[in-house]
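If you want the building blocks of each chain, they are given just below.
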Amino acid sequence: MIFQTEFTVRIEPKGWRFVASDAIPLLQAARNSAVSLPSSCRNGTCRTCMCRLLSGQIRYQIEWPGLSSDEKKDGYILPCIAYPQSDLVIEEPRATALPPPVLG
């Protein structure tokens, strides 16, 4: 049996919140909650999704994501491949709300 832990993610400066599981990347968790974060490749190489982690802990499933050591020190992360390990606050002014799904 696999247990998943859920965390709250807040996006600044919007103040939006969504719930993210430690089993899926932040980018997908945001989309599941109708929040669009910038993205392109979804595998950590293009850096389109790069944003700043203001608080909390994440993990990567790849050994060295496409960030320089200075970017990592400055708190930058790649949400397309970042998995939450605690409640998070990220800074992403480019976040947008997705339209509600069309039912029927």
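One numbering rule holds for all chains: residues counted from 1, following each sequence as written. Owing to the predicted nature of the model, reporting of local features is limited to residues with pLDDT of at least 70; listing and counting of side-chain atom pairs is limited to 80 or more, with chain, interface and lining totals taken over all residues. Neither water nor hydrogens contribute to the side-chain values; these are computed over all heavy atoms in the structure.

The number of helices and strands found in the protein chain is 2 helices and 9 strands. A helix here means a DSSP run of H or I that spans at least four residues, while a strand means a run of E at least two residues long, and both kinds are numbered starting from the N terminus. Listing every helix and strand of the protein chain by position from the N terminus yields β-β-α-β-β-β-α-β-β-β-β. The buried label applies to any residue whose accessible area, calculated with a 1.4 Å probe on protein chains only, is under 20% of its type's maximum; exposed applies above 50%, and partly exposed to all values in between. Within the protein chain, the proportion of its 104 residues that are buried is 38%. For this analysis, residues touch if any pair of their heavy atoms sits within 4.5 Å. Relative to all contacts within the protein chain whose residues are 6 or more apart in sequence, the contacts with residues 24 or more apart total 62%. When the accessible area of the protein chain is evaluated, it comes to approximately 6,200 Å², of which 51% is carbon and sulfur surface. Positive charges come from Lys and Arg alone, negative charges from Asp and Glu alone, with His and the N- and C-terminal ends not counted. Lysine's charge is taken at NZ, arginine's at CZ, aspartate's at CG and glutamate's at CD. Once the 11 positive and 10 negative side-chain charges of the protein chain are each reduced to a mean point, those two points are 4 Å apart. In these tables, accessible area is a Shrake-Rupley quantity obtained with a 1.4 Å probe, and a residue counts as shielded only by the protein chains included in the view.

Residues belong to a common nonpolar core when they are buried Ala, Val, Leu, Ile, Met, Phe, Trp, Tyr or Cys residues joined through side-chain atoms within 4.5 Å. Core analysis: the largest hydrophobic core is formed by 23 residues, its most contacted members being Leu26, Leu37 and Ile90. Mapped onto this core, the elements with two or more residues apiece are strand E1 (6–12), strand E2 (16–21), helix H1 (26–32), strand E4 (51–55) and strand E8 (88–91). Setting aside anything within four residues of it in sequence, one finds Leu37 in contact with Ile11, Leu27, Ala30, Arg31, Pro79, Ile90, Glu92 and Ala95.

With that out of the way, let us pick up the environment of Arg17. Positionally, Arg17 belongs in strand E2. Accessibility expressed as a relative area gives 56% for Arg17, which makes it exposed. Separated by 13 residues in the primary sequence, Arg17 and Ala30 have C-alpha atoms spaced 9.1 Å apart. Not counting chain neighbours up to four residues away, the residues in contact with Arg17 comprise Thr8, Val9 and Arg10.

Here the residue pair Glu12 and Pro13 is connected by a cis peptide bond, since its omega of 10 degrees sits within 30 degrees of zero. On the secondary structure map, Pro13 appears in the loop between E1 and E2. Backbone geometry places Arg47, a non-glycine residue, at a positive phi of 70 degrees. Inspection of the secondary structure assignment puts Arg47 in the loop between strand E3 (35–36) and E4.

Any functional reading would require information beyond the geometric quantities listed.
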